[in-house]
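Here is what each chain is made of, one letter per residue.
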Amino acid sequence: MRTVLRLLALLVAVLGAVVAIAVRRWRSATAEWTARLGGESATGTVSFAGFDSLPAPVARYFRTVLRDGQPGYRHGVLTQEGQFLVKAPDNWQPFTATHTLTTDPPGFVWDASIRIGPGLAMRVRDRLVDGQGSMHGALLGVVTLVRVEGTPDIAAGALHRWLAEGPWCPTVLLPRPGLEWSAMDDSTARVTVTTGGTTVSAEMRFGPDGLVERVYVPERMRDVNGAGVPTPWEGRFHGYTDVGGMRIPAGGDVGWVIDGAWQPYFRGTITGATYR
């Protein structure tokens with residue numbers, strides 16, 4: 001019996017060491033990808049004078065969430081917590097994440113830990129770096145469960161996500177070469193961005209208070225049994241708060257629109273934000 005217990009203790013110790021090494025390697029890879037984002041050089045200040053040529057709801061939005069003369073932030077780090085739909089229809093599990101983003105060039109690295117069962121977590125790293133998209137998920141950071149990178153669909157999907165999460169760092173959405181706004185109606189505008197040979201658009205709906213309420217993409221690739229299916233995709237923001245001289249949403253929910261019904265898979269809250 002003692003021999004069995006010793007073997008079990010040895011096995012647990014070995015597994016613990018393997019996981020610890022894998023976690024260090026995961027964090028090191030995340031740090032390397034994050035360092036490649038760049039986007040930390042100074043870009044001057046925000047000027048309201050340049051908003052006059054924008055669609056009315058967009059100009060109103062920038063005047064609501066930014067301050068005239070404030071720093072033109074190019075780099076942000078957000079910490080998040082919330083729930084992720086691990087398995088439809090109702091297996092929601094908690095997650096924590098760090099989201100690093102840059103405005104120009106467009107890019108982000110999202111590093112998350114999602115609980116998938118008692119004592120088990122899935123490490124997930126989504127990224128858009130140098131115009132290339134990637135999604136990597138691994139059990140405990142050791143066993144790869146999903147890995148997609150280097151395809152046109154994943155690049156477009158990552159760039160859609162970068163646009164949609166712009167309200168968490170509003171200077172992301174300021175017009176510049178490669179990013180432009182076009183009017184749709186009194187409360188909606190389309191924003192289009194091009195980077196790395198990929199061009200995508202998203203529709204943003206603004207509320208009476210001038211803030212972004214929803215972001216909508218008519219066709220974003222959704223994985224269905226290994227095949228990409230163009231599907232409407234929508235994000236919803238709530239609870240705006242002041243951070244770093246900007247107004248950003250404290251939380252957001254994201255989901256697919258399937259058969260006319262919105263089916264969220266992400267519910268997140270911002271727990272911290274810093275900008276450079």
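How each quantity is defined
Residues numbered from 1 in each chain as written. Predicted model: local features only at pLDDT ≥ 70, side-chain atom pairs only at ≥ 80, totals over all residues. Heavy atoms only, no water. 1 Å grid on protein atoms, 1.4 Å probe; cavity = no way out; pocket = protein on both sides within 12 Å on 5 of 7 lines; lining within 4 Å. Points joined across faces, edges and corners; volume = space filled by probe spheres on them. Nonpolar A, V, L, I, M, F, W, Y, C, P; charged D, E, K, R; others polar. Core = buried A, V, L, I, M, F, W, Y, C linked by side-chain atoms within 4.5 Å. Buried < 20%, exposed > 50% of the residue type's maximum accessible area, 1.4 Å probe, protein only. Helix = DSSP H or I, 4+ residues; strand = E, 2+ residues; numbered from the N terminus. Contact = heavy atoms within 4.5 Å. Polar contact = N/O pair within 3.5 Å; in protein donor to acceptor, adjacent residues only side chain to side chain.

Draft legend 1. Region of interest: the layout of surface pockets. Quantified by volume, the largest pocket comes out at close to 1500 Å³. Along the wall of the largest pocket there are 48 residues; nearest its centre are Phe 84, Met 135, Asp 223, Trp 256 and Tyr 265. When its residues are assigned to classes, the lining of the largest pocket shows 27 nonpolar, ten polar and eleven charged.

Draft legend 2. Representation of the nonpolar core within the structure. Membership of the largest hydrophobic core comes to 60 residues, with the highest contact counts inside it found for Phe 62, Trp 162, Leu 163 and Trp 181. The element contributing the most residues to this core is helix H3 (residues 152-164), with six residues. Aside from chain neighbours lying at most four places away, what touches Phe 62 is Phe 48, Phe 51, Leu 54, Pro 170, Leu 173, Leu 174, Pro 175 and Trp 181.

Draft legend 3. Molecular detail of empty space enclosed by the protein. What the rule picks out here adds up to two cavities of 30 Å³ or more. In this structure, the largest cavity spans a volume of roughly 40 Å³. Residue composition of the lining of the largest cavity, grouped by class: five nonpolar, two polar and two charged. Roughly 30 Å³ of volume is contained in the second largest cavity. What lines the second largest cavity is His 99, Leu 101, Phe 108, Trp 162, Glu 165, Gly 166 and Val 172. Looking at side-chain class alone, the lining of the second largest cavity contains four nonpolar, two polar and one charged residues.

Draft legend 4. Structural detail: the side chain of Asp 126. Structurally, Asp 126 is set in strand E4 (residues 120-129). The exposure class of Asp 126 is buried, given its relative accessible area of 14%. Engagement of the side chain of Asp 126 in a polar contact is seen with the side chain of Arg 161, the distance being 3.0 Å. Those residues within four positions of Asp 126 in sequence are excluded, and the remaining contacts are Phe 108, Val 109, Trp 110, Ser 134, Met 135, His 136 and Arg 161.

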